[in-house]
Structures are given as structure tokens and as C-alpha cells.
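Read off the chains here:
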Amino acid sequence: MRILVVNCGSSSLKYQLLDMDGERIMARGLMERIGESNGRVFHRTHMASGRIHEVKFETPLTDHRAALRQAVRQLTASDTGAIAGPEEIDAVGHRVVHGGEAFREPTLVDAAVLDAIEKTIPLAPLHNPANLMVINIARELFPQIPQVVVFDTAFHHTLPPHARHYALPWSYYEELGVRRYGFHGVSHQYVSREAARRLGRSPEDANLITAHLGNGASICAIKEGASVNTSMGMTPLQGLVMGTRGGDIDPGVMLYLARCLDMSVDELEDVLQNESGLKGLCGMNDMRDIQKAAESGDASARLALDMFVHRCRHYIGAYAFELGRLDALIFTAGIGENDAVIRAACCEGLASFGLNLDPLKNRTPEDHQGEISSTGSPIKIYVIPTNEGLEIARQTAKVVGSIG
Ligand code: ADP
């Protein structure tokens, strides 16, 4: 079975074509600056011979339709494409950021599903409109191919009521869906399954904390295979200190800013989404630059780093307590997979709680199958590269397989 995975943002579109027989990547690509005259196209075909064919160029990408057409052109290019035509694709798996209350699992797209996704738009106005638009375009371009939606919120539908709700007037939940949903579910699910496999346990028998630390970041508490708490909330603004989002904040600060600076809702949203977090603290949002600046004595970069780590430790500690028994802590995503300094700082001084990081293994996790805890550490610590494309493809294949 061949699955095309599509993951789009408001001005970008990522895709991967996977052959599920052996879970092999056949091709992948990225379209950036959609809507601009100098759109950017990256495409890579993993040829059957083992050779990799790569193209990279600029071209106008007027809209998402043009971007998806460009992706199909690359996938089916006569000498260098992975397939002869779209008829060789068995299903398309779309990542959708917010599934609201309605979606708890991957779902085959039909008119009713599209209506239900439309209703989630107020909950994710920055993400879901582009997701919905691309599903519609893909249905037009590939009318014969089943389309499946995989939601970033779905893995967290198991949050118990006491972790799911805000202490606000109940009618806001009932009438407007104001509650915690959680995000990065595809990633937390993928690395948790992989961690359980490494522990030699079934997912239902593993208690884990997964730390997805990228530009966007969240931590998840997983009890016997199910998400029971996670640091993001109704939107991806809550929780950790992120690249440009500040995470947890006293809501009174927003009221104060609105009053003192006469800021509108849109202006406040821009600050929360794009001007806060690491960037707000030190003007940089790439952890590599921040590490370098902190090493050379930049005090604001040092504070940004310290706050990032402090917030991670806050959630790791809280979730270990909530879980009662913890089998493993997992680091993933851009920072979690690559930044040994952050991982060491997150685990510093926790040996008496059972988290015993091996500093040598932490520097070269790839030489130790990702295990960075010392031999005999009661709680294992792993670095597990996330693979959201594969997880979406697996879930899509399962849905399509179940309809025969
Ligand atoms: P997202 O998918 O949320 O955009 P990623 O998971 O790709 O984010 O992570 C991107 C972040 O990972 C970058 O902003 C950068 O800070 C960090 N990163 C990537 N490589 C390294 C590295 N070698 N060391 C430290 N941080 C890194």
C-alpha cells in the first residue's frame, strides 16, 4: 500500500510518499512561501536503486492548489518521479491540527467529516482552514483515492476530566468547547509506542513522559498507553517556553497589557504567537544560536535557556508525580533529539528520583540505540527521533485497511 502524507501550514506544504510494505520512504518534499511569486520547492525521490534524486528551485506558488499540483508533478516526473501517476497512490493521509471534541481517532473523509472539521475552525483559526482547504483540493485532484484525516489532538482524548477542564464557568465548555485538548499527539503517540517496544513492554503496560521539544514544544504524561496529561491546552499556546510562544502565563498579564497599551485581540495574539518565548526573551528562537550566545556570555540567552529548562523540569516533575510509577522519559523533536546540554539540564540532580543520565551516552545517543540513562537507572531515558509522517501513514493505512 502506498500512502501520500500531507501536512500543510498557512504558507507551506510538506508531503511524503511511503510504501507501507517495509515502511519505505519513496519521496518527500516541502513547498514554502505559498502565495508568493518566489515560492520554494524542495523534492527528493528515493529511487529504487538506492540513489537519491534531489531538486530545489524557486517558482511562483500562487496558492495551495498550485503547491499540491507541483508536488504531484515532482512525484510523477518521467525519469525521476517515484510513481508513474496518482493512480499508484492508495490513500492520502492528512494531518489536521485540531479535531475538537468530535474527533478521537483517524477518520475517513466524507462530506459529514468535512462539515465537522469546518466547525472546529474557531478553535484553530490559524491552522485548520489551510488543512481543510488542502483536503478539499486533494479530493478534487484525486477523486478516486480515499482520504484520511489524522488529528494532532486525538491522542489526548483520554485526558481525564480533572486534567481536561479549565476552572471557568461551565457554560464556556458546554457552549464554546473551552477545554484543554493538547497537541503534538501524533508525535507523542509515535515515540511512546517506540519507547514501549524498547522497554520490551506493550504500550498498555508502560508509564512514560514524552518531551517533544522543537520550535513548538509540549510534554505528555502517558499512563498505560493513554495520554493522561499534556502541557498544551485549548490552543498550542499553553505550557512550555517555545521558540516564539511563551507558554504558561498569568492571564491577568493579558488583561493588563490590553488596558495599559490599548492592545486589540489581534495584537495580543500576535505577541503570544510570534513575539514571545525564546525570541521574546533574547531575540533568537533557534536553540543552536541561543546555546552559542549563552556560552559566549550573553545574559539574555542564558536566561532564555534557564527558563526553557526550568519549565521542562516543572512538567517532568509534575507528571512523574501524577503517574506514580514512571518507566521512561523520552526526548524527541529538534531540540530533544539534538541538544545534549538541554537534556542533561532537564535531568540534572534527579538520580535520587530514579532518573540517572549517563553523560557519555547523552553525547552520542545514536551509538546506544537512543538509551542515554546509565546502566541500572530505575527509569530509562531515551532519545527517540519522532516520525510523524510514518505515524500518519500507519494510521491512514489502518483506516483504509479496515474498510477493505
Ligand atoms: P518544529 O517542527 O516545531 O518547527 P523542530 O522539531 O524541527 O520544530 O525543531 C526545530 C528546533 O530544533 C530549531 O528551532 C532549533 O532550535 C532546534 N534544533 C535543531 N537542531 C539542533 C541542534 N543540533 N542543537 C540544538 N537545537 C537544535
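What you see is a predicted model; the values in this text were computed from it and never measured.

Draft legend 1. The arrangement of the sheet that holds strand β13 (residues 380–383) in detail. Taken in spatial order, the five strands make up an open sheet running β11-β10-β9-β12-β13, and their pairing is mixed. A strand with exactly one partner marks an edge of an open sheet, and here the two such strands are β11 (226–230) and β13. With direction set aside, neighbouring strand axes in the sheet form an average angle of 20 degrees. Bridge analysis of strand β9 (residues 208–213) against strand β10 (residues 217–223) gives six bridges, and the strand direction is antiparallel. Bridging across to β10, Thr 210 finds its partner in Cys 220.

Draft legend 2. Looking closely at empty space enclosed by the protein. One pass over the full model with this rule turns up two cavities of 30 Å³ or more. Taken as a whole, the largest cavity spans an internal volume of roughly 80 Å³. Residue lining of the largest cavity: Gly 100, Glu 101, Phe 103, Arg 104, Thr 153, Ala 154, His 156, His 157, Arg 164, Arg 179 and Tyr 181, and that is the complete set. Looking at the lining of the largest cavity residue by residue, the class counts come to three nonpolar, four polar and four charged.

Draft legend 3. Broad picture of a nonpolar patch on the surface. A contiguous nonpolar surface patch, about 310 Å² in accessible area, is contributed by Leu 168, Tyr 172 and Leu 176. As for its position among the elements, Leu 168 is in the loop between α4 (161–164) and α5 (170–176). For Leu 168, a relative accessible area of 43% puts it in the partly exposed group.

Draft legend 4. Layout of the site of the ligand. Within the structure, the ligand sits among Gly 214, Asn 215, Gly 216, Asn 285, Asp 286, Met 287, Arg 288, Ala 333, Gly 334, Ile 335, Asn 338 and Asp 339. Between Asn 215 and the ligand, the recorded distance is 3.1 Å, taken from a backbone N or O atom to an oxygen atom. Separating an oxygen atom of the ligand from a backbone N or O atom of Gly 334 is a distance of 2.9 Å. Taking 580 Å² as the accessible area of the ligand by itself, protein coverage stands at 66%. Ranked by residues supplied to the shell around the ligand, first place goes to helix α12 (residues 333–338) with four residues. By residue class, the composition of the shell around the ligand is three nonpolar, six polar and three charged.

Draft legend 5. Up close: the nonpolar core. By size, the foremost hydrophobic cluster in this structure holds 44 residues, and its most contacted members are Leu 213, Ile 219, Phe 308, Phe 331 and Ile 342. In terms of residues, this core owes the most to one element, helix α11 (residues 299–323), which gives ten residues. If sequence neighbours within four positions are ignored, Ile 219 has contacts with His 188, Ile 209, Thr 210, Ala 211, Asn 229, Thr 230, Ser 231, Leu 240, Cys 312, Tyr 315, Ile 316 and Tyr 319. Grouped together as the second largest cluster of nonpolar side chains are 28 residues, Val 5, Leu 18, Leu 208 and Leu 390 included.

Cut-offs applied
Residues numbered from 1 in each chain as written. Predicted model: local features only at pLDDT ≥ 70, side-chain atom pairs only at ≥ 80, totals over all residues. Heavy atoms only, no water. Pairing = 2+ DSSP bridges. Helix = DSSP H or I, 4+ residues; strand = E, 2+ residues; numbered from the N terminus. Axes fitted to C-alpha atoms, helices over the stretch in contact; angles between N-to-C directions. 1 Å grid on protein atoms, 1.4 Å probe; cavity = no way out; pocket = protein on both sides within 12 Å on 5 of 7 lines; lining within 4 Å. Points joined across faces, edges and corners; volume = space filled by probe spheres on them. Nonpolar A, V, L, I, M, F, W, Y, C, P; charged D, E, K, R; others polar. Patch = residues over 30% accessible without salt bridge, like charges linked within 9 Å, V, L, I, M, F, W, Y side chains within 5 Å. Areas by Shrake-Rupley, 256 points an atom, 1.4 Å probe, with all protein chains shown as cover. Salt bridge = Lys/Arg side-chain N within 4 Å of Asp/Glu carboxyl O. Buried < 20%, exposed > 50% of the residue type's maximum accessible area, 1.4 Å probe, protein only. Near = heavy atom within 4 Å. Polar contact = N/O pair within 3.5 Å; in protein donor to acceptor, adjacent residues only side chain to side chain. Core = buried A, V, L, I, M, F, W, Y, C linked by side-chain atoms within 4.5 Å. Contact = heavy atoms within 4.5 Å.

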